[in-house]
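Chain by chain, the residues:
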Amino acid sequence: MAVDARAPYDTSNIFARILRGEIPCKKVYEDDFALAFHDINPQAPVHVLVIPKGEYVSMADFTAKAPDTLVTGFFRAVGKVAEELELVEGGYRILANAGTNSHQEVPHLHVHIFAGAPLGPMLASKIS
Ligand code: 5GP
């Protein structure tokens, strides 16, 4: 079910539990600001999630409330993951869902990185 991105942070969400080490993940990168791991239900040959270390529901929540060092560190981490997974040459797509229309499922900010094959159009068109 899609989450309300304006809701208060739920400390029991699955990514909070992964950050606390309560649930395993297939880690690909970690630093002081971010953790990156493989999506459990990949939608592309490479499908990695990058999450900030902090309690932020959405991109709006993160950019409004996170300290500058964390915002900078998080986005640098996204770039480093792409670099370290050698996705830059072939290309990749990043995506962050926020709120009901986007069908955000997990109420902890996460950036999806998709790669490994031609990814097709950016969106299934919703304009008739
Ligand atoms: P959203 O729709 O919120 O943007 O995407 C949530 C993503 O989290 C989905 O792609 C889903 O497959 C992934 N996901 C949900 N639960 C888990 C989990 O326990 N472990 C991992 N690695 N990914 C998860």
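Since this is a predicted model, take the numbers as computed values, not measurements.

### Regarding the environment of serine 102
On the secondary structure map, serine 102 appears in the loop between β4 (92-95) and β5 (111-115). Overall, serine 102 belongs to the partly exposed group, its relative accessible area being 26%. Along the chain, serine 102 and lysine 80 lie 22 residues apart, while their C-alpha atoms are 26 Å from each other. Polar contacts involving the side chain of serine 102 include one to the main-chain amide nitrogen of alanine 98, which spans 2.8 Å. A polar contact of 3.3 Å, which involves the side chain of serine 102, links it to the backbone nitrogen of glutamine 104.

### Considering the site of the ligand
In the region of the ligand, 17 residues are neighbours, and Asp39, Asn97, Glu105, His110 and His112 sit closest. Between an oxygen atom of the ligand and a side-chain N or O atom of aspartate 39, the distance comes to 2.5 Å. Histidine 103 places a main-chain nitrogen or oxygen 3.2 Å from an oxygen atom of the ligand. Within the complex, the protein chains bury 85% of what would otherwise be the 520 Å² of accessible surface of the ligand. Cavity membership is defined here by more than half of the atoms lying within 2 Å of grid points; on that basis the ligand lies in the largest pocket. Only α1 (14-19), β2 (34-38) and β3 (46-52) provide two or more residues apiece to the shell around the ligand. Considering each element in turn, the shell around the ligand owes the most residues, three residues, to α1.

### Describing the packing of aromatic side chains
One pass over the structure, following the stated rule, counts four aromatic pairs. Here the aromatic rings of phenylalanine 15 and phenylalanine 37 are separated by 5.5 Å at their centres, their planes lie at 75°, and the arrangement is edge-to-face. Of the two residues, phenylalanine 15 is situated in helix α1 and phenylalanine 37 in strand β2; the sequence distance between them amounts to 22 residues. Neither residue differs from the other here; phenylalanine 15 and phenylalanine 37 are each classed as buried. Aromatic side chains phenylalanine 74 and phenylalanine 75 sit 5.3 Å apart centroid to centroid with 70° between the ring planes, which places their arrangement in the edge-to-face category. With a relative accessible area of 38%, phenylalanine 75 lands in the partly exposed category. Joined through ring pairs, the aromatic side chains of Tyr56, Phe62, Phe74 and Phe75 make up one cluster.

Parameters at a glance
Residues numbered from 1 in each chain as written. Predicted model: local features only at pLDDT ≥ 70, side-chain atom pairs only at ≥ 80, totals over all residues. Heavy atoms only, no water. Helix = DSSP H or I, 4+ residues; strand = E, 2+ residues; numbered from the N terminus. Buried < 20%, exposed > 50% of the residue type's maximum accessible area, 1.4 Å probe, protein only. Polar contact = N/O pair within 3.5 Å; in protein donor to acceptor, adjacent residues only side chain to side chain. Near = heavy atom within 4 Å. Areas by Shrake-Rupley, 256 points an atom, 1.4 Å probe, with all protein chains shown as cover. 1 Å grid on protein atoms, 1.4 Å probe; cavity = no way out; pocket = protein on both sides within 12 Å on 5 of 7 lines; lining within 4 Å. Sits in = over half its atoms within 2 Å of the grid points. Phe/Tyr/Trp six-rings, centres within 6.5 Å; stacked < 30°, edge-to-face > 60°.

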